Amino acid sequence: MPQSVIRSCRFVSRVLAAVTAVVGLIAVFLALTVATDGAGSGFAAWSATIGIAVATALWRGRRRSWPGRLAPFLPVLVAAALTLSVCVPSAPTTRRYPTALPFVTAEHWKLSTGSRVAVYHYPPARGGPRHRVPLVYLNGGPVRGISVRDHRFLQRLAGEGHDVFAYEQAGGGRSHLLPMDQYSITRSVRDLNAFVDRLGRGRVDVLGFSSGAVVLTNALADPGTAARLHRAIIAEPGPMDGPTARAAGHEGRPTARAIAPPMTGPRSTHTPRYAVAFGLMRLGLLTPDTGLVGQAEGDNAFTAADLGSDTAAGYCAQDAHRIPVEDTAQNFSFSAAASLRVQQTIKNSPSLAPRLRRSRTSAMLMIAECSSQVRQWQTAVLAADLAIRRTQYMPGVGHHIWNGLDDNDQRAAAVITAFLQDKPAPLPDYPTRSDIPAFLRDHR
């Protein structure tokens, strides 16, 4: 065999050995990161990994002559640099709140629970009909800022004569952070109770969307909070409790999740530090209060593009190539860690159905045709809450029912206003409780 071929084979084998060593050290680092829950911004795992690597390199080079003793340290240096990028923050570590919106002023209210939340008020339009009961909006997230698209819809409701109040739940948007162990579905319900008390306007109507609908559903099952609610609109709810979260099921009509063009813009998950942190948290390998990335840093780093397919899943398949921009980069805010923490408390909660059956607050359920929510989550609420007076199946829209496309906002506002004014529903009352088996069987 020619010497050139032999030399090439040796070179390739050495490169493969070096690459294997680098990959192995990265795997050790990730394993130690999980074992230490990211302690010290990941430096605990990094120090241990590099210590092991240096000791191994010294042992491997002990019988070699100089400069051969240095060769085993090359994979160590490469792995050290790569893993160090996971430990060094590239986003501010103190919370940077979104800038002010030009069309509404955010006030900050200190609630009796200790939460300090950002509050927005859209008074009813002058000269038109005015509804005496205030309307409170609970946005989705769970821990997310209210999008510009949602603000525009709240303005529309105010134009219909509603006195609209909204607040970003603790940790979301311009609201102040909580210690990670204080985020829970119970705390969210207590904050709603405290908000209504602070508002001081008696009983209120509440519109809860997505995870905000989950908060509202849990509030309806709590007698103390339910007594403060006049009417409730449960729009596109997620799982309301542990048994519902574990229920197998299917989604609505096809969404744009797999066919929409990728979202543009910067992604935190293109940075090794946040790709590792958010990825391991999503897999359940790091806790929401991990020491790898602090809550404030994670909030600052996360971008709208990181939600990617989740945003596309909020629209019907036919709208895949005309999905509107829901928010601005300056207003967008999402706390992945706090949201996971709230979701965990929902998954760990007992069945809500026995308490929800005792609810007497008049309620309406809104379901989207192309819902990305599991249908069994929605029908579980309908089956358990005997005070649901009507269900509105919204054709031609996805999870984000009011989205600025066509007349979707107008139709959603008409459904909401009709219910709050006790007027005939614009759409058939469907599905009713008796329709649930056929509704699920037909994959509606």
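Residues numbered from 1 in each chain as written. Predicted model: local features only at pLDDT ≥ 70, side-chain atom pairs only at ≥ 80, totals over all residues. Heavy atoms only, no water.

K.L.:
Just to check I follow, could you spell out the environment of Pro324 for this structure?
P.N.:
Its location among the elements puts Pro324 in the loop between α11 (309–312) and α12 (336–347). Along the primary structure Pro324 and Asn403 are separated by 79 residues, whereas in three dimensions their C-alpha atoms are 7.4 Å apart. Once residues within four sequence positions are removed from consideration, Pro324 is found in contact with Arg149, Tyr315, Asn403 and Leu405. (Helix = DSSP H or I, 4+ residues; strand = E, 2+ residues; numbered from the N terminus. Contact = heavy atoms within 4.5 Å.)

K.L.:
When you look at the sheet that holds strand β1 (residues 107–110) in this model, what are you seeing that I'm missing?
P.N.:
Ordered by their spatial adjacency, eight strands build an open sheet running β1-β2-β4-β3-β5-β6-β7-β8, and the pairing between neighbours is mixed. Every other strand in the sheet has two partners, leaving β1 and β8 (388–398) as the edge strands with one partner each. Neighbour to neighbour, the strand axes of the sheet diverge by 25° on average, direction disregarded. The strands that helix α14 (residues 375–384) touches are β6 (229–235), β7 (362–370) and β8; relative to β7, the one it contacts most, it runs at about 160°. Against the sheet, helix α15 (residues 408–420) engages β3 (135–138), β5 (204–209), β6, β7 and β8, with an angle of about 175° to β8. (Pairing = 2+ DSSP bridges. Axes fitted to C-alpha atoms, helices over the stretch in contact; angles between N-to-C directions.)

K.L.:
Is there a simple way to explain the nonpolar core in this structure?
P.N.:
Core analysis: the largest hydrophobic core is formed by 70 residues, its most contacted members being Val136, Tyr167, Phe195 and Leu216. Among the elements that take part in this core, helix α5 (residues 185–199) stands out by supplying seven residues, more than any other. Sequence-distant contacts of Phe195, defined by excluding residues within four places in its chain, comprise Trp109, Leu111, Val119, Val136, Phe165 and Tyr167. Core analysis: the second largest hydrophobic core is formed by 32 residues, Leu157, Ala368, Ile401 and Phe419 among them. (Core = buried A, V, L, I, M, F, W, Y, C linked by side-chain atoms within 4.5 Å. Buried < 20%, exposed > 50% of the residue type's maximum accessible area, 1.4 Å probe, protein only.)

K.L.:
What is the right way to look at the environment of Tyr393 in this model?
P.N.:
The topology assignment puts Tyr393 in strand β8. Each C-alpha atom, one on Tyr393 and one on Pro431, is 7.2 Å from the other, the two residues being 38 residues apart in sequence. Every residue in contact with Tyr393, bar those within four places of it in the chain, is listed here: Arg253, Ile367, Ala368, Glu369, Arg375, Leu427, Tyr430, Phe439 and Arg444. Within polar-contact distance, the side chain of Tyr393 engages the backbone oxygen of Arg444 at 3.1 Å. (Polar contact = N/O pair within 3.5 Å; in protein donor to acceptor, adjacent residues only side chain to side chain.)

K.L.:
Explanation requested: the pattern of salt bridges in the structure shown.
P.N.:
A pair can form between side chains of opposite charge whenever their charged atoms are brought close. Taken as a whole and assessed by the stated rule, the structure comprises 12 salt bridges. The closest approach of N and O atoms between Arg228 and Asp197, which form a salt bridge, is 2.8 Å. Of the two residues, Arg228 sits in the loop between α7 (223–226) and β6 while Asp197 sits in helix α5, which places them 31 residues apart along the sequence. Residue class for Arg228 comes out partly exposed when judged on its relative accessible area of 27%. (Salt bridge = Lys/Arg side-chain N within 4 Å of Asp/Glu carboxyl O.)

K.L.:
I would appreciate a short explanation of the packing of aromatic side chains in the present structure.
P.N.:
Ring pairs (aromatic) are described by centroid distance and by the angle formed between their planes. Inspection of every chain in the model, using the stated rule, returns 12 aromatic pairs. Centroid distance Phe209 to Trp402: 5.3 Å. Interplanar angle 55°. Geometry classified as tilted. With Phe209 in strand β5 and Trp402 in the loop between β8 and α15, this pair connects stretches of sequence that are 193 residues apart. Here Phe209 falls in the buried class, since its relative accessible area comes to 7%. Residue classification places Trp402 among the buried positions, given a relative accessible area of 0%. Ring centres of Tyr393 and Phe439 lie 6.1 Å apart, and the angle between their planes is 85°; on these two criteria the pair is classed as edge-to-face. Taken together, the positions of Tyr393 in strand β8 and Phe439 in helix α16 (residues 436–441) put the pair 46 residues apart, joining distant regions of the chain. Taken as a pair, Tyr393 and Phe439 share a single burial class, namely buried. Seen from the ring of Tyr97, Arg95 lies directly overhead, with NZ or CZ sitting 5.2 Å from the centre. The ring centre of Phe419 lies 5.1 Å from the NZ or CZ of Arg231, which sits over that ring. (Phe/Tyr/Trp six-rings, centres within 6.5 Å; stacked < 30°, edge-to-face > 60°. Lys NZ or Arg CZ within 6 Å of the ring centre and 35° of its normal.)

K.L.:
When you look at unusual backbone geometry in this model, what are you seeing that I'm missing?
P.N.:
The general pattern is negative phi for most residues beyond glycine and trans for most peptide bonds. Cis rather than trans, the peptide bond between Gly141 and Pro142 has omega equal to 5°. For the bond running from Tyr430 to Pro431, omega is -10°, close enough to zero to count as cis. Considering the arrangement of structural elements, one finds Pro431 in the loop between α15 and α16. Within the chain, Glu236 stands out as a residue other than glycine whose phi angle is a positive 50°. Of note, Glu236 is situated in the loop between β6 and α8 (242–245).

K.L.:
Which parts of the structure should I look at to understand the side chain of Asp150?
P.N.:
Mapped onto the elements, Asp150 comes out in helix α4 (residues 148–159). At 7.1 Å, Arg149 is the nearest oppositely charged side chain to Asp150, a buried residue that forms no salt bridge. For Asp150, the residues in contact, after removing those within four places along its chain, are Tyr137, Asn139, His400 and Trp402. (Lys, Arg positive; Asp, Glu negative; His and termini not counted.)

K.L.:
Would you explain the side chain of Asp299 in this entry?
P.N.:
Within the fold, Asp299 resides in helix α10 (residues 295–301). Given the relative accessible area of 5%, Asp299 is considered buried. Only 2.9 Å separates the side chain of Asp299 from the side chain of Ser335, close enough to count as a polar contact. With near-sequence residues (within four places) excluded, Asp299 lies in contact with Arg95, Gly171, Leu177, Phe334 and Ser335.

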